Amino acid sequence: MTNVSDLIRSIEHVKEEVPRLRTGDTVRVHTRIVEGDRERLQVFQGIVIRQQGSGAARTFTVRRVASHGIGVERTFPLHSPRVEKIEVVSRAQVRRAKLYFLRGRRGKSARLKEERERA
Amino acid sequence: MRGILGKKLGMGQIFNEKGEAVPVTVIQAGPCYVTQVRTPERDGYAAIQLGFEEVKPSRLTKPQRVHLSKRNVPALRYLREIRAGDIDQYQEGQKIDVSIFQVGTFVDVTGRSKGRGFAGVVKRHRFGGGPKTHGQSDRWRAPGAISAGSTPGRVFKGLRMAGRMGNERVTVQNLEVVMVDPARNLLVVKGAVPGARNELLIIREARKTTVSKKRR
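Residues numbered from 1 in each chain as written. Chains lettered and ligands numbered in written order. Predicted model: local features only at pLDDT ≥ 70, side-chain atom pairs only at ≥ 80, totals over all residues. Heavy atoms only, no water.

Let's talk about unusual backbone geometry
Residues and elements named next belong to chain B. Each neighbour pair has its own omega, and for T151 with P152 the value is 5°, a cis peptide bond. Checked against the element boundaries, P152 lands in the loop between α3 (121-125) and β9 (163-165). Residue N167 is not a glycine yet carries a positive backbone phi of 55°. As for its placement among the helices and strands, N167 is situated in the loop between β9 and β10 (169-181). Using a relative accessible area of 47% as the deciding quantity, one classes N167 as partly exposed. (Helix = DSSP H or I, 4+ residues; strand = E, 2+ residues; numbered from the N terminus. Buried < 20%, exposed > 50% of the residue type's maximum accessible area, 1.4 Å probe, protein only.)

Encoded structure:
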């Protein structure tokens, strides 16, 4: 018999191709929104502050500062069919896996160091 | 009565057609053999005895081996009976696999729950426990008063107290069948099922729900 965890993985709905996200990435997430019987795409742009879970249950959280300086965080299931596309806009140099410290900051101090060119 | 024996393999997550995440349990279901048919005339009740999981014949006792070889069935580790009114549909030696279940129907799953050992009243009976603060000590998970004073002057029978929890037969009803894979003998069911991995499960068609609950 095959390995049980491989077997369960073969049943779970995992997307074939998914961008390799890292915390600190600035991303544009295109989500499918159903309104009545109309469907449209919505874009949410912000910084990935957390990734969590494994397999089909993996999720990531994007934080952006909306109008009037109000922080908005949305958590997306990475493999959800409602997440149409994830574009990585830019990457940043970060030294921790969870960027919760951004929540307490605003303006200039809430910026991250841009990633330098890597060979 | 459709039924099959199986083994809990583990849990995972899939997305339904609406894009919602659904927790699922993967069950190794069958193949099973009908090892005996119980008839009201001979046994006083109607049931089928199912056997599951092939083993080396040397793992069984001689009476078990003879019981199975008489029905031309391989050596099987588990034998369990399922009450069935429609016993004339089954013959001894018949093979049963997951294809008896359809996606979208509902099943009841029976197994043995995980043993929790000697558990307190908060875990075992979902008591609230006592206050943590305001000068309290040793009261967080205490059961509180167990009875009044001189009247009645005793503790009522059946009062919920700490004790052994789990490791008992539990049936979860009305689990939706999400996937059936006869090639790999897999049954995928929405929600959780009693017991740890590798637990023996009895899967029967749901007693209370027969049609799909899905609206739309």
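Still more ground to cover, so stick around.
Quick look at the side chain of R38(B)
Residue and element names in this part refer to chain B. On the secondary structure map, R38 appears in strand β3 (residues 32-38). Here E81 takes part through its side chain, which lies 2.6 Å from a polar atom of the side chain of R38. What R38 contacts, discounting residues up to four positions off in sequence, is D43, Y45, A46, A47, Q49, E81 and I87. (Polar contact = N/O pair within 3.5 Å; in protein donor to acceptor, adjacent residues only side chain to side chain. Contact = heavy atoms within 4.5 Å.)

Details of the interface of chain A and chain B
Listed per partner, the contact involves 15 residues of chain A and 16 residues of chain B. Both sides of the chain A and chain B interface together cover about 1,300 Å² of buried area, and 69% of this is carbon and sulfur. Taken as a group, I8(A), I11(A) and H13(A) account for 39% of the area that chain A buries against chain B, more than any other trio of residues on that side. Inspection of the region where chain A meets chain B yields 0 salt bridges. Between the two partners, chain A and chain B, sit 2 residue pairs in polar contact (both at pLDDT 80 or more). (Buried area = accessible area lost by both parts, 1.4 Å probe. Salt bridge = Lys/Arg side-chain N within 4 Å of Asp/Glu carboxyl O.)

A few points about a positive patch on the surface
Residue and element names in this part refer to chain A. A cluster of like positive charges, contributed by R95, R96, R105, K113 and R116, occupies part of the molecular surface. Mapped onto the secondary structure, R105 falls in the loop between β6 (92-93) and β7 (113-114). The class of R105 is partly exposed, set by a relative accessible area of 40%. (Patch = residues over 30% accessible without salt bridge, like charges linked within 9 Å, V, L, I, M, F, W, Y side chains within 5 Å. Areas by Shrake-Rupley, 256 points an atom, 1.4 Å probe, with all protein chains shown as cover. Lys, Arg positive; Asp, Glu negative; His and termini not counted. Charge placed at Lys NZ, Arg CZ, Asp CG, Glu CD.)

Topic: the nonpolar core
One finds L187(B) and I203(B) to be the most contacted residues of the largest nonpolar core, which totals 31 residues. Of all the secondary-structure elements, those providing two or more residues to this core are β1 (3-15), β2 (21-29), β3, β4 (47-54), β7 (106-112), β10, β11 (186-190) and β12 (200-205) of chain B. No other element matches β12(B), which puts 4 residues into this core. Contact partners of L187(B), with chain neighbours within four places excluded, come to T25(B), V26(B), I27(B), A29(B), V98(B), F101(B), V177(B), M179(B), V180(B) and I203(B). Ranked by size, the runner-up nonpolar core spans 11 residues in total, among them V48(A), V62(A), F76(A) and I86(A). (Core = buried A, V, L, I, M, F, W, Y, C linked by side-chain atoms within 4.5 Å.)

A few points about the sheet that holds β10(B)
If you trace the 6 strands once around the closed barrel, you get β1-β2-β11-β10-β7-β12 (chain B), paired in antiparallel fashion. Strand-to-strand twist across the sheet, computed as the mean angle between neighbouring axes with direction ignored, equals 50°. As defined by bridge partners, β10(B) adjoins β11(B) across 4 bridges and the pair is classed as antiparallel. Looking at the pairing, D181(B) lines up with L186(B) of β11(B). The strands touched by helix α1 (residues 4-11) of chain A within the sheet are β1, β2, β10 and β11 of chain B, with β1(B) carrying the most contacts at an inclination of about 65°. (Pairing = 2+ DSSP bridges. Axes fitted to C-alpha atoms, helices over the stretch in contact; angles between N-to-C directions.)

Topic: the sheet that holds strand β5 (residues 83-90) of chain A
Residues and elements named next belong to chain A. One open sheet accounts for 5 strands, arranged β4-β3-β2-β1-β5; its pairing is antiparallel. Looking at strand neighbours, the two that pair on one side only are β4 (71-77) and β5, the edges of this open sheet. The mean inter-strand angle of the sheet, taken between neighbouring strand axes irrespective of direction, is 40°. For strand β3 (residues 59-65) and β4, the ladder comprises 7 bridges, and the chain directions are antiparallel. Within the sheet, the bridge partner assigned to F60 lies in β4 and is F76.

Here's the deal with the confidence of the model for chain B
Residues and elements named next belong to chain B. Per-residue confidence for chain B gives a mean pLDDT of 89, with 97% of residues at or over 70. Per-residue pLDDT, averaged within each element of chain B, yields its smallest value for strand β6 (residues 95-96) (89) and its largest for strand β8 (residues 117-119) (96). Confidence estimates for the predicted assembly give a pTM of 0.81 and an ipTM of 0.75. (pLDDT = per-residue confidence, 0-100.)

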